[in-house]
Amino acid sequence: MGSRANRGRILILPGLESANVPRRCGGGRCGRRGLAGGIFSGGASASRPGRPLEKDHHVAPGELDTYYGFWSGGQSGEVRVFGIPSMRELMRIPVFNFDSATGWGITNESKRVLGEGGAFLNGDTHHPKVSYTDARYDGRWCFINDKANTRVARIRLDIMRTDKITTIPNVQSIHALTLQRVPKTERVYAGGEMIIPLPNDGRHLENPKEYWTLMSALDAETMEVVWQVIVDGNLDNADTDYTGKYLAASCYNSERGVTLPEMMGPERDWAVVFNLPAIEQAVRDGKYTTIGDSKVPVIDGRGAAQGGTEYTLYIPVPRSPHGINTAPPDGKYFVASGKLSPTCTVVEWAKVDDWFAGKLNDPRDTVVAEPEVGLGPLHTTYDNRGNAYTSLFLDSQVVKWNIADAIRAYNGESVNYIRDRVDVHYQIGHLKASLACSRDVDGKYLAALSKFSKDRFLPVGPFHPENDQLIDISGDKMKIVHDGPTYAEPHDALMVRADQIRTKQIYDRDDPFFAETVAMAKRDGVVLERDNKVIRDGNKVRVYMTSLAPNFGITDFKVKKGQEVTIVVTNLDEIEDVSHGFCLVNHGINFEIHPQQTSSVTFVADKPGVHWYYCSWFCHALHMEMNGRMLVEA
Ligand code: RUQ
Ligand code: CUA
């Protein structure tokens, strides 16, 4: 693998023989050969970087981007905010991770959000989803799943901070995450990926035929799990329709295998559609069970062999479907991307209506097209001109195809539905066009999130960055306009128009994020905006101080060894961007205090002596002098 020429071929499935895999799809079985052969063929390195950017894509210094991009941070456990089209990284929002800069995982405020799950320092974020009103981004929240520790988080977009995290019961690994679109996001849908015994308390350890997983619905306001539905197979990805009636998820491993060969066995898996009004009604009617200690209503949606139940419809699609994406702006169709099959399956939502109304006999009658698009189709996104764009993992390409023409071809007409192909670098996973999950889809840009960057950037050791490319899709031909290295590992991204996000540039004093800390101060008779006070309460000491560049309101305080100390800092600065940090040396404590914010930390003073604290954010010409001492008596 030493030479650059060889880097286009990567062996990833150990133990399987290499085979020559045609780069283009040559027939119906090529997808199978692709993965079974264990070779991920690299896309031909087409355009080298260095071409001057077109004027339209260039965002000059001092100019602002036209879109916000919300990027999953993958195994970093965070969410990142990008500016598009510049691809500049604007912010990182800590979610499931520990963050040294902001003190996420250190402060009392972040620990309250992290809850018991805060015992974990890692997360694996996949699918950021911004909330909707009438299928348009409303800028309230961004939701994100944690595949690693089975959680779902909500980020407040006005301050770009996580404010709720829920651990989902009865399942292992939340992968799919999607939202209700109309009339607005009141439900968050989270798909459990791995199958486990129910309850998972030691029973059925060796009997995978008794392993199951569930789709979960959360209340977007409270973030409580309101129902779950047991399904056949492992849930992969999901999307909702544009009426609020349905949710569809890709479902692989219909045989409930637990090894790779077993999971790749069956010829067909499913897209499972959930009949949401029927499920909600059943929950209201008390027609549910519960599992183990969990109080969450559980409905049985198993029944793939019969095509489904009153709550579920199992549409057979070629093996291991992956992405599920509803086509904007009207949401008439959804597309399941084939992964192990070189096809995409197009389902018409209106026909799903027909099936639940008893007008169709065969779940396959909901399928209106099955275009052959290339090797390893993973995800599909859209423009506003009736075209779909599918990522081809094995081909390292984005393929553009026309939905109406694919339907004509399925009905026997001889039409070419493929519009264009572009090589991406390399092994693309997700892709997302601007506003493509909303009614406002505008067909301007597409982000292609490639899993391998290989030789696209200066070498940085064995661990390579990923490569996120920006593609101009406004014309007939797709054009790559930017390469951007990213740290492990953006799984998915979405773009929201800049005017659809409205942030607070300084905190409101009554922000709920630190309301509990404010209430504690009130009980202590302290006015946070004015007082600098030490409250002694038995073995507990609460130190309230202000910060105003370049001073902390308290420059020394005394405690006894073994006392539990809570330090509360309120930043009185009102000027945008004058943030302070509070770092207590040799105590593992550092946190953010932005203008008008209150932050706090609690720890045990276990080391007698002099311990300096300092402002860790460069805030003023006298920033270096902004410090103080904690004196701990032996
Ligand atoms: S799915 S591996 Cu987003 Cu392609 Cu997670
Ligand atoms: Cu305050 Cu530096």
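Residues numbered from 1 in each chain as written. Chains lettered and ligands numbered in written order. Predicted model: local features only at pLDDT ≥ 70, side-chain atom pairs only at ≥ 80, totals over all residues. Heavy atoms only, no water.

Notes on the sheet that holds strand β15 (residues 234-240)
Spatial ordering of the open sheet is given by β15-β16-β17-β19, a layout of four strands whose pairing is antiparallel. Two strands bound the open sheet, and with one partner strand each, they are β15 and β19 (312-318). Within this sheet the neighbouring strands show an average axis-to-axis angle of 25°, counted without direction. Looking at chain direction, strand β16 (residues 246-252) and strand β17 (residues 268-275) are connected through six bridges and run antiparallel. Residue pairing in the sheet places C251 in a bridge with W270 of β17. Sitting on the sheet, helix α4 (residues 276-284) is in contact with β16 and β17, with an inclination near 60° to β17. Sitting on the sheet, helix α5 (residues 349-356) is in contact with β15, β16, β17 and β19, with an inclination near 90° to β16. (Pairing = 2+ DSSP bridges. Helix = DSSP H or I, 4+ residues; strand = E, 2+ residues; numbered from the N terminus. Axes fitted to C-alpha atoms, helices over the stretch in contact; angles between N-to-C directions. Contact = heavy atoms within 4.5 Å.)

Focus: the side chain of D158
As for its position among the elements, D158 is in the loop between β8 (151-156) and β9 (161-167). Setting aside residues no more than four positions away along its own chain, D158 makes contact with R502, T503 and K504.

So, the nonpolar core
Core analysis: the largest hydrophobic core is formed by 63 residues, its most contacted members being F70 and V152. Top element by residues in this core is strand β7 (residues 136-146). It accounts for five residues. V559, V569, F582 and C619 belong to the second-largest nonpolar core, a separate cluster that totals 25 residues. (Core = buried A, V, L, I, M, F, W, Y, C linked by side-chain atoms within 4.5 Å. Buried < 20%, exposed > 50% of the residue type's maximum accessible area, 1.4 Å probe, protein only.)

Description of the confidence of the model for the protein
Across the protein, the average pLDDT comes to 91, with 91% of residues at 70 or higher. pLDDT under 50 marks residues 1-54. Its contacts with residues more than four places away, or in other chains, come to 108 contacts. (pLDDT = per-residue confidence, 0-100.)

Description of unusual backbone geometry
The omega torsion across I84 and P85 is 15°, close enough to zero to call that bond cis. Going from A488 to E489, the amide bond is cis rather than trans, its omega being -15°. Residue placement: E489 occurs in the loop between β31 (479-486) and β32 (493-497). For T150, which is not glycine, the phi dihedral falls at a positive 60°.

What to know about the pattern of salt bridges
One pass over the full model with this rule turns up 41 salt bridges. Note that D146 and R151 form a salt bridge whose closest N and O atoms lie 2.9 Å from each other. The class for R151 is buried, based on a relative accessible area of 0%. One salt bridge in this structure joins D201 and R203, with 2.8 Å as the shortest N-O distance. Accessibility expressed as a relative area gives 38% for R203, which makes it partly exposed. Residues joined by salt bridges that share partners form a network here, namely R156, D158, K504, D508 and D511. (Salt bridge = Lys/Arg side-chain N within 4 Å of Asp/Glu carboxyl O.)

A word on α4
Within the sequence span of α4, burial applies to L276, I279, E280, A282 and V283. Looking straight down α4, one finds that the buried residues subtend no more than 160° of arc, so they occupy a single side. Of the surrounding elements, those touching the buried residues of α4 are β11 (187-194), β14 (225-231), β16, β17 and β18 (298-300). (Arc of directions from axis to C-beta.)

A closer look at the packing of aromatic side chains
All told, the structure shown has 19 aromatic pairs when counted by the stated rule. Plain terms: the ring middles of W270 and Y314 are 5.2 Å apart, the flat faces sit at 75° to each other, and that makes the pair edge-to-face. Highlighted residues: W270 in strand β17 and Y314 in strand β19, separated in sequence by 44 residues. Residues W270 and Y314 agree in their burial class; the two are buried. When the centroid spacing of 5.8 Å and the interplanar angle of 55° are considered together, the rings of F463 and Y487 count as tilted. (Phe/Tyr/Trp six-rings, centres within 6.5 Å; stacked < 30°, edge-to-face > 60°.)

Some remarks on the pairing of β32
In terms of burial, β32 is largely enclosed, as four of its five residues are buried. In the sheet, strand β3 (residues 67-72) pairs with β32 via five bridges, with the strands oriented antiparallel. Residue Y67 lies in a different strand from β32, and its bridge partner there is R497.

Remarks on the pairing of strand β37 (residues 564-571)
Among the eight residues in β37, seven count as buried, and that is most of the element. Direction of pairing for strand β34 (residues 540-548) relative to β37: parallel, over a ladder of eight bridges. Directly across from V543, in β37, lies its bridge partner I567.

Concerning the state of the cysteines
Inspection of every chain in the model, using the stated rule, returns zero disulfides. No disulfide involves C251; its sulfur sits 18 Å from that of C344, the nearest cysteine. The class for C251 is buried, based on a relative accessible area of 0%. (Disulfide = S-S within 2.5 Å.)

Let's talk about helix α7 (residues 515-523)
Residues T517, M520 and A521 constitute the buried set of α7. In a view along the axis of α7, the buried residues occupy a sector of 100°, so they form one face of it. Away from its buried face, by an angle of more than 90 degrees, α7 presents the exposed residues E516, K522 and R523. Elements in contact with the buried residues of α7: α2 (108-114), β34, β37 and β40 (598-604).

Re the side chain of T178
On the secondary structure map, T178 appears in strand β10 (residues 172-179). Within the structure, the side chain of T178 is placed 3.2 Å from the side chain of D239, a separation counted as a polar contact. Other than its neighbours up to four places away in sequence, T178 contacts K129, V188, Y189, A238, D239, T240 and L247. (Polar contact = N/O pair within 3.5 Å; in protein donor to acceptor, adjacent residues only side chain to side chain.)

Focus on the environment of P169
Examined against the element boundaries, P169 turns out to sit in the loop between β9 and β10. C-alpha separation for the pair P169 and S216, spaced 47 residues apart in sequence, amounts to 9.0 Å.

So, the environment of A278
Along the chain, A278 turns up in helix α4. Along the backbone, A278 and H127 are 151 residues apart, and their C-alpha atoms lie at a distance of 26 Å. Here A278 is in contact with E310 and Y311, once residues within four sequence places are set aside.

Examining the sheet that holds strand β24 (residues 377-382)
A sheet is described by the order of its strands in space; here four strands give the open sequence β24-β25-β26-β27, paired in antiparallel fashion. The two strands at the open ends of the sheet, each matched to only one other strand, are β24 and β27 (418-423). Within the sheet, the average angular offset between the axes of one strand and its neighbour, ignoring direction, is 20°. Of the pairings in the sheet, the one linking β24 to strand β25 (residues 387-392) comprises four bridges and is antiparallel in character. The residue bridging P377 from the neighbouring strand is L392, located in β25. Running over the sheet, helix α6 (residues 403-410) touches β24, β25, β26 (397-402) and β27 and is turned about 70° from β26.

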